[in-house]
Amino acid sequence: MAILSKEEAKQILEKVISLSKADAIEANLSGNTGGNIRYARNTVSTAGAESNTSLVVQSNFGKKVGTATINEFDEDSLKKVVSRSEELAKLSPENPEFMEPLGPQTYLESKSFYESTENISPEYRAEVAAKSINPAKAKDVTAAGFLQDSAGFSAMMNSKGLFAYNKNSNVDFTVTMRSNDGTGSGWVSRDFNDVDRFDAEEASMVALKKATMSQNPKAIEPGKYTVILEPAAAIGLLQNMIGSMNARSADEGRSFLSKKGGGNKVGEKLFDERVTIYSDPTHELVPSATWNGDGQPLKKTMWVENGVVKNMFYSRYWAQEKGVEPLPGPSNGIMVGGDKSLDELIKSTDKGILVTRLWYIRTVDPQTLLYTGLTRDGTFYIENGEIKYPVKNFRFNESPVIMLNNLEELGKQQRINGNLVPSMKIRDFTFTSLSDAV
Amino acid sequence: MKRRDFIQMSGLGLGAMALSSIPIFGKSVDPSRFLESPLDVAAKKALADAALNAAKKAGASYADFRLGRYLNQYVITREDKVQNIVNTESYGIGIRVIANGTWGFASTNEVNQDSIAKTAQKAVAIAKANSRFQTEPVELAPVESYGEVSWKTPIEKNAFEVPVADKVDLLLSANSKAMENGANYINNLLFLVNEQKYFASTEGSYIDQDIHRIWPTFTVTAIDPKTGKFKSRNALSAPMGMGYEYMTPKDSEKIVSPAGFNLYRNNYDLVEDALIGAEQAKQMLSAPSIMPGKYDLVLEPNHLGLTIHESVGHPLELDRVLGYEANYAGTSFATLDKWKSGDFKYGSPIVNLVADKTQPNSLGNVGWDDEGVKTKKWHLVKDGVLVNYQAIRDQVDIIDQNESHGCCYADSWNSVQFQRMPNVSLEPGKDKYSASDMVKDVEKGIYIAGRGSYSIDQQRYNFQFGGTTFFEIENGEIKGPVNDVAYQSNTQEFWNSCVKICDKDDYRLFGSFFDGKGQPSQISSVSHGSSTTRFNGVNVINTERKI
C-alpha cells in the first residue's frame, strides 16, 4: 500500500482524527517505493529495493505535545498510535514555543509526480549502470556511480479542518569516471521528477569526457582568479546561503543577516543587482509539494531580488513573537540566469578557471558566511576564450555574499539537486592552497 | 541513514546553529518502552535459524541475519526552556547473502518466521539478479564459529533508566550558569543511544550484543550588539561508549589545560564547562585576529581527534583505497603500492597510529563486528611507517591477509553492513611530558582546543581545520585568546611535522556519532584517542572577512 490516492489517504486520516481525545491532533501520512543501484570498479557492487508507509500522529493538551509513529493501518493500530501520542503529550513538559495546528488552507497545484519514475524496474537500473560502465571500459576509464529512485505520496490532516495531499517522484543519478592512470577524474549529476527526461548515456559521456580532459593536470599558483562555476559548483554555496536566511537567528544577532545594533537586514542590498533568487513549488522544471510539514502553503517567494534581501523565513512561533506573517522556508531555489551557454561564457573569458564542482564545503565563519572546500572532478585553465589545460584542484575560502558581489556574468540555468541554477562567471574568487587529489 | 527516516532538528524549532544538522531517526515511543525487552535469546535464535535455512534453501552459499532494536533519546533545551524530548525506537531484521558469488541484501520490519523467510528469498533473488553483472566474485576470509555468545558495553548506569526530569534539570542548570556568566544564548542537548543487536550466520555464530553510547553537547553564543559580532564556543565533552556515569564529574578525570581551564577525560562536568564556555565566548568578542603565517601548533585531544579522523581514519579504509567509494567520499592517497613498499613515511618516527575496536569507553567498542568477527587492535602506522589498512572479510585477501580486522558495521537493521572506521588513535608518547611542558619550549605557536570547521579533499591530501578555542603562544607562554584561526596542510607533511606527544596521563578520547559513508549514506560512531601533540611550522591562515 505504498502510494495511496488522495481519497484513500483522506479516509485513513479521518479515522485517526476521529479517535482523538486531546485538545488538538494532527496526523501526517506518507509512503514511498523505490530502489537503488550502486556500482564501482566497473562492476555492480550493491542494489536494493524499498517500500515504506508511515503515519505520524501529534497530539497536544495545551502546550504539552506528544508524537508517535506507526506503519500499520488497521483500526487497532490506529487506536494504538493515537493513544500513545496522547500518553506522551501528558508526560511531556510544556513547550512554550508550541503553536496550535493551522485551520483549513488553500494550496496551489504542482505536478511533481510521474508514473514513469514510479515504474522504474531493477532491469532499468542495471541498464543505467551498463550505460556508464561500457563506455568507460572502452576508454580505459573506471566508472563508479549511484542511481536512486523514489515515488510516493504525503498527506496531512488535523482536528482544525486542514487537509493536504501531494504525490512526488524523483530520480537522482551521479557518476564519477576516473582514468585508469589515476590522473584524471570527471563527474556528473542529474536529477528529475520524470525519469523520461533522464538520458544515462548523455550524462555518462559528460563525466567520461571530463575524466579524459582532466588527465595530467598542471599546478598553478593559488590566489584570486576569475572562475566560471558550473551550476553543480555554484549550488553548494548558494544552498548554504539560502538555508541561513532564518529570521530568528538574524534577529537574535547570530547570522550574516543580523544588523549592528539589533534587527535584520531585510530590505538591504547585499549583492550585485543581477542577483535574483526565488522559490516556486509549481515551477515546471523543479516542481515540489505546495505545502510544508506543518501544513503552511508554499508559494512563489522572492528571497533576493535585484541584489536586495526581500524575505527571510519566519517560523510560526517567531512570526507571532515579532508580529509578522509566518513565511516557511523554500522547497527549491531558482536563481535567474542569462542566455549564454557555458561555451559562450568560456569564449568571453581572457584568463580564468572552469570549475565542475565544489566538494566538502564547511562553514568557517557564520558571521560572514565564509566557507571552505575544494574543486573536484574537472578543473581547467581558460585563456583567450579557450580551455587550455587541466589544472590541479584548489582549496577555496570564500563567502557566497562576496562571490555574488563579484559577479561578472550569468549563463543559462540547469536543474541541480531539485534547484535551478545558472552557470556564473565570478571575479576574484579566493583559492588558498593546492591539492594533489584527483 | 535513509533520508526518509530522519527529521532535522532545525525542523523542531532549534536556532540555525551548529547543532541543527544532527539527524533524529526511528519511531517515537514512550520512554518506558526502552526498558522492555521484546524478545528473549531463544526466540531470536529461532528467527535467525529460520532466516539462514530459508536463505540456504533458496541457493545462498553464505547468509547472515541481524535483528536490531535501536533506541535513541534526545533531550533538547535552550536557555531556560525545554524545546523537545524525543524518544525513538527502530526495530527489524536484515538478511545478507552470497549467491553466485554476489552479495544480496533485504530487510523487513515484520519480525515473524514467515516474513523472515520471504525476506531471505528476496535477498537471494537480488544476489542472483546482480550476479549477471558481477566481474569480481566475493571471497570471504575464514572466521571462527563462536556458538552462542553475548557482549555488553561495560556501563555503570544505564542512561535510559535515569528519569527525564533529572536530565532536564542538569541541562537547565548548565544553561543558567552559562547565562549568568556572559552567554546570550545556549543550545544544550543530550543524546543517548542503545543498539540491541543479534547476529547469526551460516558460519555457526549467534551473537547477542547490547551497546550504549552517550553524548552531551552544547553551543554557547555571546553577542556584542555594538559591533554586531557574535562568537560561539562548543562543549569540550566527547561522545562516549559509556552509561550515565559519564555525566558525574570527578576531579581525578579533569585535566588542566596550559591555558588554565579544565578539560575532561572519562567523566564530564557539564555545568562547569558551560560556565567556562560562556566566559570564553565573551572573551573571544574582544580577542585579536591572528596574523597569518607558520606556527607551531599544540593540539589538544578533543581537537586533534577530528584531524586524526579525516587524515588517518578515512584514507586507510581499504574500500576507499580500492575505489568502492569513488563516487561519494572519494578514494585515497594511501595506495596499495605505498603500503607494499614497506617504507612509506606516513608520519615522523614518534607517530604510532592504532585501530582498536576493544578500547574501553570508546564509541567503536564492541565484542564482535556486524559480520560476526571478534574485535581486536592493530597498527595502521608503526614508528611513522604505513603498515596496514582497515579491512573486513571480503577484502583482506587483497592485502594478503587471511583474517578480517573486525570492523564491519551497519547503522540499522535495514542497512547493509560494510567496512567502517574502527577507533583510530595516536598512541601517547613514552616520556613523561604534560601539555604545560609542551608549551614551554614553543616560541611562536597556537594552542587549539575542541572541534571546529573541517574540510579535506577526496583523496585526503589537503586539509583545513578550525577549532573551538585558540590561544596564542609566545616565548613559551600562553599570551591569550586569538580569533580567526584555520590551519592548512597536507596529510603526509603534517604527520611528519609531529615533534612531540604528551604521555598517557594526558590521553583522552574525541568522538563523533555521525561519521558518514556509503550510498545510500550510513552513519557510524567512532572515537579517536590522543594526548596533546605538537606539530611544527604549520601554515595558518586568517579567516576574517568583511561582507
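Here the structure is a predicted model, which is why all the values come from computation and not from measurement.

**Topic: the overall build of chain A**
When helices and strands are counted, chain A shows ten helices and 17 strands. For 438 residues, the compact-globule estimate of 2.2 N^0.38 gives 22 Å, and the C-alpha radius of gyration of chain A, at 24 Å, lies within 12% of that figure. Across its three principal directions, the C-alpha atoms of chain A cover 70 × 60 × 35 Å. Counting all 438 residues of chain A, 55% fall into the buried class. For chain A, restricting intrachain contacts to residue pairs at least 6 apart in sequence, the fraction spanning at least 24 positions comes to 73%.

**As for the UniProt feature "domain: Metalloprotease TldD/E central" (unreviewed entry) in chain A**
UniProt marks residues 121-209 of chain A with the feature "domain: Metalloprotease TldD/E central" (unreviewed entry), using the numbering shown here. Secondary structure within residues 121-209 of chain A divides into 30% helix and 48% strand; the distance between the first and last C-alpha atoms comes to 28 Å.

**Topic: the interface of chain A and chain B**
Taken residue by residue, the interface counts 77 residues in chain A and 56 residues in chain B. Tallying contributions element by element places strand E2 (residues 43-61) of chain A first for the side of chain A that touches chain B, with seven residues. When its residues are assigned to classes, the side of chain A that touches chain B shows 24 nonpolar, 37 polar and 16 charged.

**Some details on unusual backbone geometry**
All names here are of chain B. Following Gln 519, the chain continues into Pro 520 via a peptide bond in cis, with omega recorded as -5 degrees. Turning to its location among the elements, Pro 520 is positioned in the loop between strand E27 (508-517) and strand E28 (522-530). Even without a glycine there, the phi angle at Asp 400 is positive, about 55 degrees. With respect to the secondary-structure elements, Asp 400 resides in the loop between strand E16 (385-386) and strand E17 (408-409). Positive phi values are uncommon outside glycine, yet Asp 484 reaches one of about 65 degrees. Following the sequence through the fold, Asp 484 ends up in the loop between strand E24 (477-481) and strand E25 (485-490). Taking the number of C-beta atoms within 10 Å as the measure of exposure, Asp 484 has 21 and is therefore buried.

**Here we look at helix H3 (residues 164-180) of chain B**
All names here are of chain B. Given a rise of 1.5 Å per residue, 17 residues ought to cover 24 Å, and the 24 Å separating the end C-alpha atoms of H3 matches this to within 8%. Listed in full, the buried residues belonging to H3 are Lys 167, Leu 170, Leu 171, Ala 174, Asn 175, Lys 177 and Ala 178. Angular distribution of buried residues about the axis of H3 spans 160 degrees; they occupy a single face of the element. What points out from H3, more than 90 degrees from its buried face, is the exposed set Ala 165, Asp 166, Asp 169 and Glu 180. Contacts from the buried residues of H3 go to strand E4 (62-78), strand E8 (185-201), strand E9 (205-224) and helix H4 (270-284).

**Examining the packing of H3(B) against H4(B)**
All names here are of chain B. H4 packs onto H3 with a crossing angle of 25 degrees between their chain directions and a minimal axis gap of 8 Å. Between H3 and H4, the angle is such that the two are roughly parallel. The way H3 lies across H4 gives a crossing that is right-handed. Contacts from Leu 170, Ser 173, Ala 174, Asn 175, Lys 177 and Ala 178 in H3 reach Leu 270, Val 271, Ala 274, Leu 275, Gly 277 and Ala 278 in H4. Class assignment of the residues belonging to the contact of H3 with H4 gives a composition of eight nonpolar, three polar and one charged.

**Remarks on the sheet that holds strand E15 (residues 377-382) of chain B**
Residue and element names in this part refer to chain B. Across the sheet, which stays open at both edges, the four strands sit in the order E16-E15-E14-E19 with antiparallel pairing between neighbours. Both outer strands of the open sheet, E16 and strand E19 (423-426), are each paired with one neighbouring strand and no more. Alignment of E15 against E16, held across two bridges, turns out to be antiparallel. Bridge pairing in E16 places Lys 382 opposite Val 385. In the packing of helix H5 (residues 301-313) onto the sheet, the strands contacted are strand E14 (353-356), E15 and E19, and the crossing angle to E19 comes to about 110 degrees.

**A look at the domain arrangement of chain A**
All names here are of chain A. The assigned domain composition of chain A is domain 1 (6-211) and domain 2 (218-438). Between the C-alpha centres of domain 1 and domain 2 the distance comes to 25 Å. Opposite the 27 residues of domain 1 that make contact, domain 2 presents 24 residues. Split by residue class, the side of domain 1 that touches domain 2 holds eight nonpolar, 15 polar and four charged.

**A look at the environment of Asp210(B)**
Residue and element names in this part refer to chain B. Following the sequence through the fold, Asp 210 ends up in strand E9. We classify Asp 210 as partly exposed; it has 17 C-beta atoms within 10 Å. Once you skip the residues sitting within four places of it in the chain, Asp 210 turns out to touch Lys 152, Thr 153 and Gln 196.

**Concerning the UniProt feature "domain: Metalloprotease TldD/E N-terminal" (unreviewed entry) in chain B**
Residues annotated in UniProt with the feature "domain: Metalloprotease TldD/E N-terminal" (unreviewed entry) correspond here to residues 63-127 of chain B. Between the C-alpha atoms that bound residues 63-127 of chain B there is a distance of 11 Å. The span itself is 23% helix and 65% strand.

**Topic: the UniProt feature "domain: Metalloprotease TldD/E C-terminal" (unreviewed entry) in chain B**
Per the UniProt entry, the sites bearing "domain: Metalloprotease TldD/E C-terminal" (unreviewed entry) are residues 292-540 of chain B in this numbering. Counted over residues 292-540 of chain B, helix gives 14% and strand 35%. Its end C-alpha atoms are 5 Å apart.

**What to know about helix H2 (residues 75-91) of chain A**
In a regular helix each residue adds 1.5 Å, so 17 residues correspond to 24 Å; H2(A) covers 25 Å between its end C-alpha atoms and thus fits that length. Buried residues of H2(A): Leu78(A), Val81(A), Val82(A), Arg84(A), Ser85(A), Glu86(A), Leu88(A) and Ala89(A), and no others.

**Quick look at the pairing of strand E7 (residues 224-229) of chain A**
All names here are of chain A. Two strands pair when backbone bridges link them, and E7 and strand E17 (residues 419-434) are joined in this way by five bridges, in the antiparallel orientation. If you follow Tyr 225 over to E17, its bridge partner there is Phe 429. With three bridges joining them, E7 and strand E12 (residues 351-365) adopt parallel strand pairing. Looking across to E12, one finds that Ile 228 is bridged to Leu 354.

**Looking at the environment of Val304(A)**
Residue and element names in this part refer to chain A. By secondary structure assignment, the location of Val 304 is in strand E9 (residues 301-305). Here the alpha-carbon distance between Val 304 and Pro 122, two residues 182 residues apart in the chain, equals 42 Å. Each residue touching Val 304, except ones within four places of it in the same chain, is listed here: Phe 271, Val 275, Thr 276, Ile 277, Val 309 and Lys 310.

**Let's talk about the sheet that holds strand E4 (residues 141-158) of chain A**
Backbone-to-backbone hydrogen bonds pair the strands of a sheet. The strands run either parallel or antiparallel. Residue and element names in this part refer to chain A. Strands sit in the order E3-E2-E1-E4-E5-E6 across an open sheet of six strands; the sheet is antiparallel. Every other strand in the sheet has two partners, leaving strand E3 (64-70) and strand E6 (185-192) as the edge strands with one partner each. For this sheet, the mean angle separating the axes of adjacent strands, direction not counted, is 15 degrees. Looking at chain direction, E4 and strand E5 (residues 163-179) are connected through 17 bridges and run antiparallel. Looking at E5, one finds that Val 141 is bridged to Ser 179. Relative to strand E1 (residues 24-40), helix H1 (residues 6-18) is tilted by about 135 degrees, and along the sheet it contacts E1, E2, E4 and E5.

**Focus: the domain arrangement of chain B**
Residue and element names in this part refer to chain B. Parsing chain B into structural domains produces domain 1 (3-284) and domain 2 (293-542). Measuring from the centre of the C-alpha atoms in domain 1 to the corresponding centre in domain 2 gives 21 Å. Taken together, the contact pairs 49 residues of domain 1 with 48 residues of domain 2. Among the elements of the structure, E4, strand E5 (81-99), strand E6 (102-108), E8, E9, strand E10 (229-234) and H4 are those that each provide at least two residues to the side of domain 1 that touches domain 2. With six residues, the single largest contributor to the side of domain 1 that touches domain 2 is E9. Here the side of domain 1 that touches domain 2 is built from residues that sort into 26 nonpolar, 15 polar and eight charged.

**What to know about the nonpolar core**
If you look at the biggest cluster of nonpolar residues, it comprises 276 residues, and the most contacted ones within it are Ala27(A), Ala51(B), Ala55(B) and Ile446(B). Contacts of Ala51(B), omitting those with residues within four sequence positions, involve Ala63(B), Phe65(B), Ile95(B), Ile116(B) and Ala120(B).

Reading the values: the criteria
Residues numbered from 1 in each chain as written. Chains lettered and ligands numbered in written order. Predicted model: local features only at pLDDT ≥ 70, side-chain atom pairs only at ≥ 80, totals over all residues. Helix = DSSP H or I, 4+ residues; strand = E, 2+ residues; numbered from the N terminus. Rg over C-alpha atoms; globule rule 2.2 N^0.38 Å. Buried ≥ 20, exposed ≤ 12 C-beta atoms within 10 Å, placed from the backbone. Contact = placed C-beta atoms within 7 Å. UniProt positions renumbered as here; feature names shortened; annotations may be inferred. Nonpolar A, V, L, I, M, F, W, Y, C, P; charged D, E, K, R; others polar. Expected span 1.5 Å × (residues − 1). Arc of directions from axis to C-beta. Axes fitted to C-alpha atoms, helices over the stretch in contact; angles between N-to-C directions. Parallel < 35°, antiparallel > 145°, perpendicular 65-115°, else oblique. Left-handed = near helix turned anticlockwise from the far one by under 90°. Pairing = 2+ DSSP bridges. Domains from an automatic or database assignment. Core = buried A, V, L, I, M, F, W, Y, C linked by C-beta atoms within 7 Å.

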